[in-house]
Structure formats: C-alpha cells, structure tokens
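A look at the structure
Letter by letter, the chains look like this.
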Amino acid sequence: MSKPISKPISTKRFRTSLPWMLPIVLVLLFLAVLIWLPWQAQRMETNERQEQLIADTLWVEQALQFQLKRNEESLLNLAEDFVDHKITASTTADRLRLYATNNHEIQDALLWDAQHRLVASNSDTSDDSHALKQALIASDSFTQKIQKSSCAKIAEKSGSLVCRYPLFRDKLYLASITVSYRLQTLLDETVPWWFAQENDITLLDSEDKLLARRAAGGSGKNVYTHNRTIDFPQLSITLRTNSTKSEPKLLSNLLVLSVVLLSLGLVWSLIALWRDINRRLQAEGALRKEAAFRAAMENSLITGLRARDMQGRLTYVNPSFCKMLGFPAEELVGKLPPMPYWAPEEITEYENRFAQILTGTVQPEGFETIYQRANGERFPVLIYESPLVDDHGQQTGWMSSILDVSELKRAQELSRQQEEKLHQNARLATMGEMASMLAHELNQPLAAISSYTTGALNILKQEQPPTDLSLLAEALEKATQQAQRAAQVIRSVHEFVKKREASRAWFDINTLLQSVMPLIALQAQSAHIHVHYQIDPDLPEVFADKVLIEQVLLNLTRNAIEAMHDVAYPQRQMQIHAHLFSKESADRQHSPALLLIQVIDQGHGISVEVAEKLFSPFFSTKAAGMGMGLNICRTAIEFHGGSLKYRPNPLGGTVFEFTIPCRGK
C-alpha cells in the first residue's frame, strides 16, 4: 500500500519543482555566457588588430611601390626628351638636380647614352656619386642591354638602393637612367606619422640585415607583427611591421562584480515576473471574454469592416466583408495596395484618394466607388472611414465600414428608367398631336386637289375637247392653290414645333454643366463608366435656351453610354470637353465667338451605312428607339445658330461636338 502512495507524491513534487528548475538552468547558462563573452571579445579584438596591421602594412608597401614607379616614369620621360634632342645635356643635368631636390629620397641620378657613356648627373662633385659611377661602369651587368628595370643594394654603403631604368624603342637600346635611393629617407617620406606612432617599421635585406627603420612610438612589442616582401626588379626587400600595442587585458574584478550584480538582478526579475504572470493570467482571461463578445458582435453585422495600417496594409477584415467580395480572409489580411478587389479601371482613383488621405489633403469621410468580386463582377459600395488611434493618442491606421449599395443603385436605375419612359410617352403624345393636326389640316387641301384634278381629267377625256381651255386652267390653278395651302400647313406645324418651347437668355455654361453632372454620373455609374471632364474655368456666357441645351447634353451622353455597353470595362471611358472654338481662317476674325462642347466615347463607333441616315427622322439602331433624338438635337443646336457634327475617335468610338454662340472676349 505504501508504494502507490509514495509514487504520486514524488511525481507531484517533481511537477512543482519543474518550473523553478528552468530559471536555475537559465542562470547557469547566463553565467557561462558571461565568462565566454569576454574571452571571445579578446579574441575578436586581437584578430581585428592583426587584420588592421596587415591592411596598413599593405598600404605602406603600395605607397613605396607607387613612389618608386612614379620616379621611374618621370626619369624615363626625361631620358626620352634627351634622346629626341628636345633638351641638351646641360638642361638634362639641371632637371635631374631639380628632380632630386624635390624628391629627397633620391641620392644620385645619372643618365647614360647607348654607348654606356655618362651624359648627365645631378651631382658632379659628390664622392659618393663618383664611386657610384665607377662601380656601375665596372659592373658586368651594366654593359648588358637589360630590357627591364633592375635594382641592387650597394654593398659599400648599407641603406642605399641603386636602380637602373633602361630606355628602349622598337627593341633598340637608346639610354638608361641610374638612380641611387636613400632607403631611410624613402621610409620617412612615405610612411605617415600616425602609422609610425603606433608601429615599428623596418626594411630588411634578404639576409635580414637592417636597411632602414622608422619607430616614432618606440620599439614594437612583438605581439602584432607582419612581414611583407617588396619585390624590386631583381631584388627583394622585406617590409616588417611590429605594433607597439600590447595584448588586451581582462578586467577580472569588474567582470566578477558585474556577474554578481547581474545574477542578483536576474533573481529579483524572476520574482517580479512570477507576480506579473499571475496578474497577466487574470487580465488575459478578461480579455478573452471581451474578445469573444466583440467577435460575436462583429460576425453578426451585415456591414463589411476592414482595418488598414499607415501603409495601407489590411490588418483585419470581418466575415461580412469577405462574403461581400468572395475572398477568404487569409487572402486579404496582410495585403498591400493594389488590392485584389480593386477594379482595374479604377486603380488610379483608389491610389490618388489614399495618397490624399496620407498627406492630409482630404479627411477620411463617406465616399462611393466600385469594387470587384472574386468572380469579376463589379458592384458599387459606400465607404465610411475613421482614424484608428492607440492608447498614446497616435494614429496607427484607419477603420472602414463598407456597404453594398447594389440594390439601392438598382432602385435608382429603375426610377430613372420609369422617368425616361414618362418622357418617352410625353414625346409620343406630342408626336400624336402633331400627326392629328397634320391629318386634320391636310385633309381638306388634299380632298380639294383630288376633286380639281379629277375634273380636269374628265374634261380631257371628253370625245370632243372644248376649244376654250379656261375651265381646265381654272381647275389646275385651284389645285395649285390647294397644294400651296398644304405646304403652308406643314411649315406652320414645323415652326410650331421649333418655337413652342424656345426661350433664349444669357446664362453661365459652367453652372449648367455643374447641374447636369449628377444626372450624367447617375447614368454612367449603372454601366460602370468613368467620366472625365475638361472644362475651362473662365468660359463666357452663352445666349441660348437652357432647357434645350441640357436636353441635348443628356441625349448625347445617354447615346455615348449605350454605345459602350458591350466594350471591356477598362475601355468604358467617357470625356466631356468645353472650351472656346477657334479657327485660323482670316474670314473668321469678325465672326461671333463660339463655344465648343464635345462628348467623346470609346464605344463601337458608327458604320458607314448608319452614318448616311444618322440624323434622319425616325431612323434608329435601337430596338425600342424612335429615331428622333439626334434629329431633335441638331434642330435645337441649329436654332441657336450653331452646328452639331460627329467624327471618329482615334482611340475607338465617336466624338459628338456642337457649337453655340457666346459672348466675345
């Protein structure tokens, strides 16, 4: 019986002590890291100093090589000038002395001709120079036509270096320059002071004999050293760099103290963390309840919700928003613009609005736009946005509520269609009245013409025609009078139709365009057509019937919208332009000013067969059309002294344009 009891007790104790064993292990691991880090830091610092010393040594080597190469090129150019007879021997000697004066590392510089005769020298009195000349003349290597530069150490005087630079042209030996360098001066001139302050720099020959040394900061500590072989022509010299820095030392006492303090701080933080964990668990429980309540509330909404950060990235969407668009939440959250539910033809508008919100040009408010479902269907939405602010008062993004207004748009479209039908019925009634009037007024003249012509035919059909034709002439004259009466009736009805509603006055065309824009937008939105306006801001007043001009605009825009029903969404673009009409002809200088208004679509265009009958009465390409729209529009524009024309749009579709007189400027 004792074993089953002791077993659960030991298991319980193990489970209780397990959460506290982990912090102890972490403390031990922390102490090990604190011991390892200073050692690793020392190694890293040592490697860094050694790498820096190598890089600096390489730089010194390159500086020495560059200085010697520069001397070689300058002296060979001088030899070429002498060989080409550009300068004399005396001038060459002067230039050698000047060059040696400017370059302190040069001890002697001698120019030899093709027969190994001395031509010029920077110094003729120096004993060292004389010894150099004699040594070079006696040297077997001097008489050889070596085609590359060569250098050698002068044995008689340590610390000097002599180099010979031959001059060849087309493999023909012409001359040579012999230079004796002071290696100590070369080292002093080339190595910067800051490098010599931290390093002991020496030049050694192949037998490790000292040739030159520079140690402004004292002897090297032999901790950080680097040897670099400088390859001179036919000679090697070793550049040795010995740093004056010693190894980095560990501050052991400070390290131990820091370990103790950090360990005490860790124990205190564990106790504080234990108390904080209990408070956090309670807060998390309350937060989970609140989050569940908020999720249930948001999931029950029929309004789409989305949250965006300051870069426009989606951070939250509710189920209604996903259902509205047909996209799952995982395909939307985290997305940056452009969004998958943006209609391609509206991307520019979306980007411009978001840029304006970011710059503070416009405040987030309710606006209407077009979205695209996952299946490609477009639908109108109404969006309301408000800024998201954190607990510090800083804005972190925007929260948006989105309403699908498709049903509202359908109701508006149905109302508009009903209104159009009422206008169409009114037009039919007017045309019926006109037909009744014409039938009544033309009935009597036509009956009289029929009677008179019948009588005239009867006279002509007699067996013996009368010799007096006055009766026949009278009948024909009366028939002519009745025909003129009928023509007068038609003209009267035509004038009645033209003038019955005409009431011209001066008004601002900008005001009319602004008032008609909502009606045009209402028609365009149902067909997902984007309308662009290009209206000059300072257009003059026009003298016209405001209602007739408005009807012409609505008729032309409605035709343009209907012409783009079958084209792709990106091509559904309609433009309305209004500006002064100008001609370059001289005979137009004293003509009245005209205002040009254009309605441009990108629809299917007008074929040649349709163009011939476009403005004819009762001609229509629509199944339910009456064929009077364009005819009435042209009549109304011509009544105002303007003209209505059309032409093909280069981008596809048609451009309808009309002119009306306006005040001159």
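Take the pattern of salt bridges next. Oppositely charged side chains may form a pair once their charged atoms are brought near each other. Applying the stated criterion across every chain, the model contains 19 salt bridges. Residue Arg-228 pairs with Glu-61 through a salt bridge whose shortest N-O separation is 2.7 Å. You can see Arg-228 sitting in strand β8 (residues 225-232) and its partner Glu-61 sitting in helix α1 (residues 2-83), a full 167 residues away along the chain. Close ionic contact of Glu-541 with Arg-663 constitutes a salt bridge, the shortest N to O distance being 3.1 Å. Residue Glu-541 is located in strand β17 (residues 541-544), and its partner Arg-663 is located in the segment after β21 (654-661); the two are separated by 122 residues in the primary sequence.

Our focus in this paragraph is the pairing of strand β2 (residues 118-121). Strand direction decides the pairing type here: strand β1 (residues 106-112) and β2, joined by three bridges, are antiparallel. Within β2, the position partnered with Leu-111 by the bridge is Ala-120. Taking the residues between adjacent antiparallel strands as the criterion, β1 and β2 are bridged by five residues, where His-116 takes a positive phi near 65°.

The next thing to look at is helix α2 (residues 89-102). Under the 1.5 Å per step criterion, the end-to-end length of α2 is 20 Å for 14 residues, consistent within 8% with the ideal 20 Å. Listed as buried for α2 are Thr-92, Ala-93, Leu-96, Tyr-99 and Ala-100. Taken down its axis, α2 places every buried residue within 125° of arc, on the same side. Relative to its buried face, α2 has exposed residues pointing more than 90 degrees away, namely Leu-98, Thr-101 and Asn-102.

A word on helix α13 (residues 546-563). For α13, built from 18 residues, the straight-helix expectation of 26 Å at 1.5 Å per residue is met to within 8% by its first-to-last C-alpha distance of 26 Å. Residues Leu-548, Ile-549, Val-552, Leu-553, Leu-554, Asn-555, Leu-556, Thr-557, Ala-560, Ile-561 and Ala-563 constitute the buried set of α13.

Turning next to the confidence of the model for the protein. Overall, the prediction assigns the protein a mean pLDDT of 77, with 76% of residues at 70 or greater. Considering only residues more than four positions removed or in separate chains, one finds that residues 1-7, a stretch of pLDDT under 50, has zero contacts. Contacts for the low-pLDDT stretch residues 623-628, under 50 throughout, to residues beyond four places or in other chains number 18 contacts.

Taken as a whole, this structure holds nine aromatic pairs when the rule is applied. With a centroid separation of 6.2 Å and an interplanar angle of 70°, the aromatic rings of Tyr-350 and Tyr-371 are classed as edge-to-face. Of this pair, Tyr-350 sits in helix α9 (residues 347-359) while Tyr-371 sits in strand β12 (residues 367-372), placing them 21 residues apart in sequence. No difference in accessibility class separates Tyr-350 from Tyr-371, as the two residues are buried.

Conventions we followed
- Residues numbered from 1 in each chain as written.
- Predicted model: local features only at pLDDT ≥ 70, side-chain atom pairs only at ≥ 80, totals over all residues.
- Heavy atoms only, no water.
- Salt bridge = Lys/Arg side-chain N within 4 Å of Asp/Glu carboxyl O.
- Helix = DSSP H or I, 4+ residues; strand = E, 2+ residues; numbered from the N terminus.
- Pairing = 2+ DSSP bridges.
- Expected span 1.5 Å × (residues − 1).
- Buried < 20%, exposed > 50% of the residue type's maximum accessible area, 1.4 Å probe, protein only.
- Arc of directions from axis to C-beta.
- pLDDT = per-residue confidence, 0-100.
- Contact = heavy atoms within 4.5 Å.
- Phe/Tyr/Trp six-rings, centres within 6.5 Å; stacked < 30°, edge-to-face > 60°.

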